[in-house]
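Residues per chain, in single letters:
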Amino acid sequence: MAKRIVIASGKGGVGKTTVAIGLSKALAARDKKVLLVDFDNLRSVDLMLGAAENVVFDWGDAVLGRCTASEAIGTAQGISFLACPPRYDDLTPQKVKRLMKELEADYDYLLFDAPAGVGAGLRLACAAAQRAIVVATPDPVCVRAACRAAQEMETMGVANSRLVINRAVRRDIRQKRLLNIDDVIDKTGVQLVAIIPEDKYLRKAGIDNILLSWQLSYEAFCNLAARVEGEQVPLAFL
Ligand SMILES: Nc1ncnc2c1ncn2[C@@H]1O[C@H](COP(=O)(O)OP(=O)(O)O)[C@@H](O)[C@H]1O
Ligand SMILES: [Mg+2]
């Protein structure tokens, strides 16, 4: 039975999709079967995987019976994914939950890449999720948004959240250009699960729309995957 995890942040551009893809890859490297489901109707998963041209159906089509779930699932860069429908009309939480429950038997993990904000897309993702990863970069605006997202998800029935601090730069933290790690944890009120460093390869990947190289952050994503799996690995800031 797949574990169902929503990846949210409140604010946009914080690294939700990057973390979702990085975690998918790191779990796949541990021989886990992962399905990455895009809940952001601005749609970035297929684009960031370089597979936008290959998408015929999205999970909304599967929910509404226009195709089977397996017809909607694409694969790119070794990751299975479901693209997001352009609109959430007619897609009730119950229907979405039913589809995800149906897929549960075929995977070890269903990862839900949430949109920015705390609206309809997040609500649909939370309807089918058991736990959450909240992504925050170490700055006050993102931290407040992450705190709010975690609180909203709790009201949506997903109380079990863990924090990923993304784009951390040791020198900027030391020189107080970014919040320090303890402050981010205190202000979000969410337990830390991983720190992902700023990675110039990931930054470039955003432009290339393809995540080919991510050497600098690779180990951090592997540690995140290990902790998601329940292993006691150190919370190193690499
Ligand atoms: N750890 C990182 N290091 C460098 N760039 C990053 C990192 N995480 C995300 N980015 C970049 O930040 C931008 C926004 O990331 P994205 O995952 O699309 O955010 P979101 O899904 O929260 O909107 C992308 O260009 C991405 O490549
Ligand atoms: Mg995104």
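Coordinates for the structure precede this section.
Note that the structure is a prediction, hence the values are computed from the model and not measured. (Residues numbered from 1 in each chain as written. Chains lettered and ligands numbered in written order. Predicted model: local features only at pLDDT ≥ 70, side-chain atom pairs only at ≥ 80, totals over all residues.)

## A closer look at the overall build of the chain
Then step 1. Across its full length, the chain carries eleven helices and eight strands.
Then step 2. Compactness check: the chain gives a C-alpha radius of gyration of 17 Å against a globular reference of 18 Å for 238 residues, within 12% of the reference.
Then step 3. Along the longest, intermediate and shortest principal axes, the C-alpha atoms of the chain span 55 × 35 × 30 Å.
Then step 4. Put simply, the chain has 238 residues, and 48% of those count as buried.
Then step 5. Restricting the contact set of the chain to residue pairs at least 6 apart, pairs at least 24 apart contribute 77%. (Helix = DSSP H or I, 4+ residues; strand = E, 2+ residues; numbered from the N terminus. Rg over C-alpha atoms; globule rule 2.2 N^0.38 Å. Buried ≥ 20, exposed ≤ 12 C-beta atoms within 10 Å, placed from the backbone. Contact = placed C-beta atoms within 7 Å.)

## Digging into helix α1 (residues 16-28)
Then step 1. Across its 13 residues, α1 extends 18 Å between first and last C-alpha, which sits within 8% of the 18 Å expected from 1.5 Å per residue.
Then step 2. Across the 13 residues that make up α1, a large majority, twelve, are buried.
Then step 3. All of the buried residues along α1 are Lys16, Thr17, Thr18, Val19, Ala20, Ile21, Gly22, Leu23, Ser24, Lys25, Ala26 and Leu27. (Expected span 1.5 Å × (residues − 1).)

## A few points about helix α5 (residues 93-104)
Note that an α-helix has 3.6 residues per turn; residues three or four places apart therefore point the same way.
Then step 1. Taking 1.5 Å per residue, twelve residues should reach 16 Å; α5 reaches 16 Å between its end C-alpha atoms and fits that length.
Then step 2. By the burial criterion, the buried members of α5 are Val96, Leu99, Met100 and Leu103. Buried residues in α5, looked at end-on, bunch into an arc of 95°, giving them a common side. Turned more than 90 degrees off the buried face of α5, the exposed positions are Gln94 and Glu102. (Arc of directions from axis to C-beta.)

## Here we look at the sheet that holds strand β6 (residues 131-136)
Then step 1. With respect to topology, eight strands assemble into an open sheet ordered β3-β4-β2-β5-β1-β6-β7-β8, the strand pairing being mixed. Every other strand in the sheet has two partners, leaving β3 (73-76) and β8 (191-197) as the edge strands with one partner each. This sheet shows a mean twist of 25° between the axes of neighbouring strands, independent of strand direction.
Then step 2. Inspection of the sheet shows β3 paired to strand β4 (residues 79-82) by four bridges, in the antiparallel sense. Bridging from a neighbouring strand, Ala76 pairs with Ile79 of β4.
Then step 3. Contacting β1 (3-8), β2 (34-38), β4, β5 (109-113), β6, β7 (161-168) and β8, α1 crosses the sheet at an angle of about 165° to β5.
Then step 4. Packed onto the sheet, helix α6 (residues 120-128) meets β1 and β5 and runs at close to 160° relative to β1. (Pairing = 2+ DSSP bridges. Axes fitted to C-alpha atoms, helices over the stretch in contact; angles between N-to-C directions.)

## So, the pairing of β5
Then step 1. The buried count for β5 comes to five of five residues, which makes it a mostly enclosed element.
Then step 2. Where burial is concerned, the two faces of β5 agree: the one with Tyr109, Leu111 and Asp113 and the one with Leu110 and Phe112 are both buried.
Then step 3. Pairing between β1 and β5: five bridges, direction parallel. Its bridge partner being in β5, Ile5 is matched across the sheet by Leu111.
Then step 4. Two strands pair when backbone bridges link them, and β2 and β5 are joined in this way by five bridges, in the parallel orientation. Looking across to β5, one finds that Val37 is bridged to Phe112.

## Details of the pairing of β1
Then step 1. Counted residue by residue, β1 has five buried out of six residues, so it is predominantly covered.
Then step 2. Sheet analysis places β1 next to β6, joined by four bridges and oriented parallel. Note that in β6 the partner of Val6 across the bridge is Ala132.

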